[in-house]
Amino acid sequence: MNLEEIRKERQKWMTWKNIKPIRNLIETLEDGSFEVELGDVVKISGDVSQNIEDIARTMMPWRKGPFEIFDCVIDAEWKSNIKYNLLRGHFNLKDKRVADIGCNNGYYLFRMQEDEPKSLVGFDPSPLYKTQFDFVNHFVKSDIVYELLGVEHLEFYEEKFDTIFCLGVLYHRSDPVTMLKSLFRGLDKEGEVILDTFYIVGDDEMALCPKSSYSKIPNIYFVPTIPALKNWCLRAGFSSFEVLETSTTDLDEQRKTSWIEGQSLEDFLNPEDSTKTVEGYPAPKRVYVKLIKSH
């Protein structure tokens with residue numbers, strides 16, 4: 001697989017008519033020295049004369065956050081700090097080569113800088129999310145590398161990783177075991193994957209196969225029980241499967257704000273029974289696992 005050819009082709013995405021005007025706005029951003037605080041809110045402070053909120057709103061929808069850029073508070077659909085803090089005690093990235101698959105606008109990558117990893121690489125084939133990342137990173141000035149690539153490119157990437165994060169991607173894949181094998185091959189001779197995905201409660205090794213959508217999301221193919229997920233991971237080659245946490249997504253973590261367009265979790269659940277989706281399936285629950293690749 002020729003990644004350089006793919007990169008050249010995808011760079012053209014930045015000239016799309018809905019993306020190019022935003023890219024032009026980023027080029028007009030004032031430069032300077034800014035203070036960066038990498039807490040629950042990624043905060044940037046300093047002096048600029050531009051209307052940052054007007055520029056940020058051209059990049060809607062903002063799915064991950066929150067960010068506070070000068071006087072502009074980007075209240076994203078997801079309070080991503082909740083997931084990050086849930087996982088925070090389960091990893092140490094000091095001097096490690098780290099990848100985030102499906103990194104969106106890079107919120108988690110910005111937070112991961114506090115561990116002083118050797119390198120940080122984000123993978124996401126979305127020109128809009130890449131543009132949001134470039135907007136924030138103009139002020140943060142990090143060394144994070146953002147690739148317009150997907151998980152299918154990971155095993156062909158120029159470097160292998162010690163730790164790979166893959167949060168909220170697996171259920172979008174029609175062949176989850178193949179994707180897990182890609183994560184396995186993206187690691188060095190040994191390493192770890194921090195994964196989260198939807199699951200259904202049950203002791204049997206089985207998966208829910210939604211007819212056409214799950215929580216109004218059309219591209220969700222399999223929602224496994226935890227034993228079924230474990231089997232997928234072991235079949236992909238991982239030597240260890242550890243459940244770190246489980247959670248139920250609630251209206252505090254994911255909700256409609258003025259920074260997105262369209263619907264959010266409140267519209268995806270049965271209005272008369274929040275334990276079910278609008279389709280009648282069990283409401284979204286997430287399992288967070290650590291997968292180990294060893295010699």
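Residues numbered from 1 in each chain as written. Predicted model: local features only at pLDDT ≥ 70, side-chain atom pairs only at ≥ 80, totals over all residues. Heavy atoms only, no water.

Enquirer: What is the right way to read the pattern of salt bridges from this model?
Expert: Opposite charge on two side chains permits pairing when their charged atoms draw close. Taken as a whole and judged by the stated rule, the model has 24 salt bridges. Across the pair Glu77 and Arg63 runs a salt bridge whose closest N-O atoms are separated by 2.7 Å. Of the two residues, Glu77 is situated in the loop between strand E5 (72–74) and strand E6 (78–79) and Arg63 in the loop between helix H3 (52–57) and strand E3 (64–65); the sequence distance between them amounts to 14 residues. Taking the relative accessible area as the measure of exposure, Glu77 reaches 4% and is therefore buried. In the salt-bridge network here, residues are joined through shared partners; they are Glu4, Arg7, Glu147 and Glu158. (Salt bridge = Lys/Arg side-chain N within 4 Å of Asp/Glu carboxyl O. Helix = DSSP H or I, 4+ residues; strand = E, 2+ residues; numbered from the N terminus. Buried < 20%, exposed > 50% of the residue type's maximum accessible area, 1.4 Å probe, protein only.)

Enquirer: When you look at the sheet that holds strand E10 (residues 161–167) in this model, what are you seeing that I'm missing?
Expert: Strand pairing in a sheet relies on backbone hydrogen bonds. The paired strands run either parallel or antiparallel. Spatial ordering of the open sheet is given by E9-E8-E7-E10-E11-E17-E14, a layout of 7 strands whose pairing is mixed. For this open sheet the edge positions go to strand E9 (145–147) and strand E14 (240–248), each flanked by a neighbour on one side alone. Adjacent strand axes in the sheet meet at a mean angle of 15 degrees, parallel and antiparallel pairs treated alike. Relative to strand E17 (residues 285–293), strand E11 (residues 187–199) is paired through 9 bridges, and the arrangement is antiparallel. Its bridge partner being in E17, Leu195 is matched across the sheet by Val289. Packed on one face of the sheet, helix H7 (residues 176–186) meets strand E7 (97–101), E10, E11 and E17 and runs near 150 degrees to E11. Sitting on the sheet, helix H8 (residues 226–235) is in contact with E11, E14 and E17, with an inclination near 145 degrees to E14. (Pairing = 2+ DSSP bridges. Axes fitted to C-alpha atoms, helices over the stretch in contact; angles between N-to-C directions. Contact = heavy atoms within 4.5 Å.)

Enquirer: Even after reading the chapter, I still don't get the sheet that holds strand E1 (residues 35–38), so can you show me in this structure?
Expert: Ordered in space as E1-E2-E4-E5, the 4 strands form an open sheet in which the pairing is mixed. Strand pairing shows two members of the sheet lacking a second neighbour, E1 and E5, which therefore form its edges. Strand-to-strand, the axes of this sheet are offset by a mean angle of 10 degrees, without reference to chain direction. Relative to strand E4 (residues 67–69), strand E2 (residues 42–45) is paired through 3 bridges, and the arrangement is parallel. Looking at E4, one finds that Ile44 is bridged to Ile69. Contacting E1, E2, E4 and E5, helix H6 (residues 127–140) crosses the sheet at an angle of about 55 degrees to E4.

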